[in-house]
Amino acid sequence: MKRKIRSYLGFTSFWYKLLLLLVLPVLLLGIQVFASVVFQGTVIPLSILVLIFAEIFGDTFVLGGIQEKNSEKMDYLKTSPRGMKVMKSVLVMDLVRRFLAFVVIFGLSGLMMLVFGATPGAEKMAGPEALLLAVLLTYTLSVLGIFLSRFGSLLWINMLCAYAGAIVGLVLFFIGTGGMLPLLLPLMNTAMGILAVGLSILTVKIAMMKVEGSYYDK
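Here is a short report on the structure shown in this document. Predicted, not measured: the structure shown is a model, and the values here were computed from it. (Residues numbered from 1 in each chain as written. Predicted model: local features only at pLDDT ≥ 70, side-chain atom pairs only at ≥ 80, totals over all residues. Heavy atoms only, no water.)

## Re the overall build of the chain
Across its full length, the chain holds 8 helices and 0 strands. The secondary structure elements of the chain, listed N-terminal to C-terminal, are α-α-α-α-α-α-α-α. Taken over the C-alpha trace, the chain has a radius of gyration of 18 Å; the compact-globule value for 218 residues is 17 Å, and the two agree within 12%. By residue count, 47% of the 218 residues in the chain fall in the buried class. (Helix = DSSP H or I, 4+ residues; strand = E, 2+ residues; numbered from the N terminus. Rg over C-alpha atoms; globule rule 2.2 N^0.38 Å. Buried < 20%, exposed > 50% of the residue type's maximum accessible area, 1.4 Å probe, protein only.)

Next comes the structure, spelled out in structure tokens:
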């Protein structure tokens, strides 16, 4: 496991680790503390919006373009007999890191609202099912965004996917927590859970196929 973590961190720059893995989560949780103490409110919708955008856009500087033919980022892996194993470890750890980060961020946000109290509107977004939806939506749409954007290495592709994913995630969260239908929230959680698993498998599989194919100029 330590080797897998080191392999993943080796793909990330200092600024990526500092900003996306440390500063952004702390900032969002800090804003949630302020909102809970002062307004008894929530910033979960803001967190969904920011996290989806940041994760998709940030992937530009880590694994962006790896599904593109003749990706330059893969050249040095071809010189190592462990290149494919390292690549798979990085892809899997990237997904694991995202999911765990979202669980921690939204879990702590919900806990803060329970500790400091919440308005009726905010309380709807602090229940277990609503928090689960926040985690699954953020994870599923960010993974979908990085999967699509990795077919190209141009910055605008990641930017477009980031904007689209963030907006869709925010809209779906409000629909799910709006109480329009009694069973809508659990149905959305189920659908997002299935999509999350399917996209995770597809993201790793397609990336590995593309990397392996680049060995033979496919």
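After presenting the structure, the write-up continues.
## Some remarks on the nonpolar core
Ranked by size, the top nonpolar core spans 55 residues in total, and within it I44, L63, M87, L91, F106 and F173 carry the most contacts. Within the residue set of this core, elements represented by two or more residues are α1 (2-11), α2 (14-39), α3 (44-58), α4 (83-116), α6 (128-149), α7 (155-177) and α8 (184-215). (Core = buried A, V, L, I, M, F, W, Y, C linked by side-chain atoms within 4.5 Å.)

## Observations concerning the packing of aromatic side chains
The relation between two aromatic rings is expressed through the spacing of the ring centres and the mutual angle of the planes. Inspection of the entire model under this criterion finds 8 aromatic pairs. With centroids separated by 5.9 Å and ring planes inclined at 75 degrees, the aromatic side chains of F34 and F39 adopt a geometry described as edge-to-face. You can call F34 exposed: its relative accessible area is 51%. Assessed through its relative accessible area of 56%, F39 is described here as exposed. Arranged with centres 5.8 Å apart and planes meeting at 80 degrees, the rings of F57 and F61 form a pair that is edge-to-face. Here the aromatic cluster, defined as three or more aromatic residues joined through ring pairs, consists of F53, F57, F61 and Y163. (Phe/Tyr/Trp six-rings, centres within 6.5 Å; stacked < 30°, edge-to-face > 60°.)

## Quick notes on α1
Every buried residue of α1 is listed here: S7, Y8 and F11. All buried residues of α1 lie within an arc of 95 degrees about the axis, which places them on one face of the element. Those residues of α1 that are exposed and angled more than 90 degrees off the buried face are K2, R6 and G10. (Arc of directions from axis to C-beta.)

## Some points on the side chain of S142
Mapped onto the fold, S142 is located in helix α6. Overall, the relative accessible area of 0% leaves S142 in the buried class. Reaching out from S142, the side chain makes a polar contact with the backbone oxygen of T138 at a distance of 2.8 Å. (Polar contact = N/O pair within 3.5 Å; in protein donor to acceptor, adjacent residues only side chain to side chain.)

## Digging into the pattern of salt bridges
Scanning the model with the defined rule gives 6 salt bridges in all. Taking the shortest distance from any N to any O, the salt bridge between D59 and R150 comes out at 2.9 Å. Separated by 91 residues along the polypeptide, D59 in the loop between α3 and α4 and R150 in the loop between α6 and α7 bring together distant segments of the chain. Residue R150 is classed as buried on the basis of its relative accessible area of 1%. A salt bridge links D94 to R150; the nearest nitrogen and oxygen atoms lie 3.2 Å apart. (Salt bridge = Lys/Arg side-chain N within 4 Å of Asp/Glu carboxyl O.)

## Notes on the packing of α6 against α7
Angle between the axes and distance between the axes are the two parameters that describe a pair of packed helices. Here α6 crosses α7 at 160 degrees, and the two axes come no closer than 9 Å. When the axes of α6 and α7 are compared, the pair comes out roughly antiparallel. Helix-helix and strand crossings are classified by hand; for α6 and α7 the assignment is right-handed. When α6 is examined against α7, the residues A130, L133, A134, L137, L141, G145, L148 and S149 are found in contact with a partner set consisting of I157, N158, C161, G165, V168, G169, L172, F173, G176 and T177. Taken together, the residues that form the contact of α6 with α7 break down as 11 nonpolar, 7 polar and no charged. (Axes fitted to C-alpha atoms, helices over the stretch in contact; angles between N-to-C directions. Parallel < 35°, antiparallel > 145°, perpendicular 65-115°, else oblique. Left-handed = near helix turned anticlockwise from the far one by under 90°. Contact = heavy atoms within 4.5 Å. Nonpolar A, V, L, I, M, F, W, Y, C, P; charged D, E, K, R; others polar.)

## Quick word on the layout of surface pockets
Picture a little ball the size of a water molecule; that probe, rolled over the atoms, points out where space is still empty. Taken as a whole, the largest pocket holds about 230 Å³ of empty space. Around the largest pocket, the lining residues are S13, W15, Y16, L19, L20, V23, L24, A54, F57, G58 and F61. Residue assignment for the lining of the largest pocket shows that the elements contributing at least two residues are α2 and α3. The element best represented in the lining of the largest pocket is α2, accounting for 6 residues. Of the residues contributing to the lining of the largest pocket, the split by class is 9 nonpolar, 2 polar and no charged. (1 Å grid on protein atoms, 1.4 Å probe; cavity = no way out; pocket = protein on both sides within 12 Å on 5 of 7 lines; lining within 4 Å. Points joined across faces, edges and corners; volume = space filled by probe spheres on them.)

## Focus on the packing of α2 against α3
Where α2 contacts α3, the axes come no closer than 11 Å and their chain directions differ by 175 degrees. With respect to α3, the axis of α2 lies roughly antiparallel. Taking contact as the criterion, the partners of Y16, L20, L24, L28 and Q32 in α2 are, on α3, I44, S47, V50, L51, A54, E55 and G58. Its residues assigned to classes, the contact of α2 with α3 shows 8 nonpolar, 3 polar and 1 charged.

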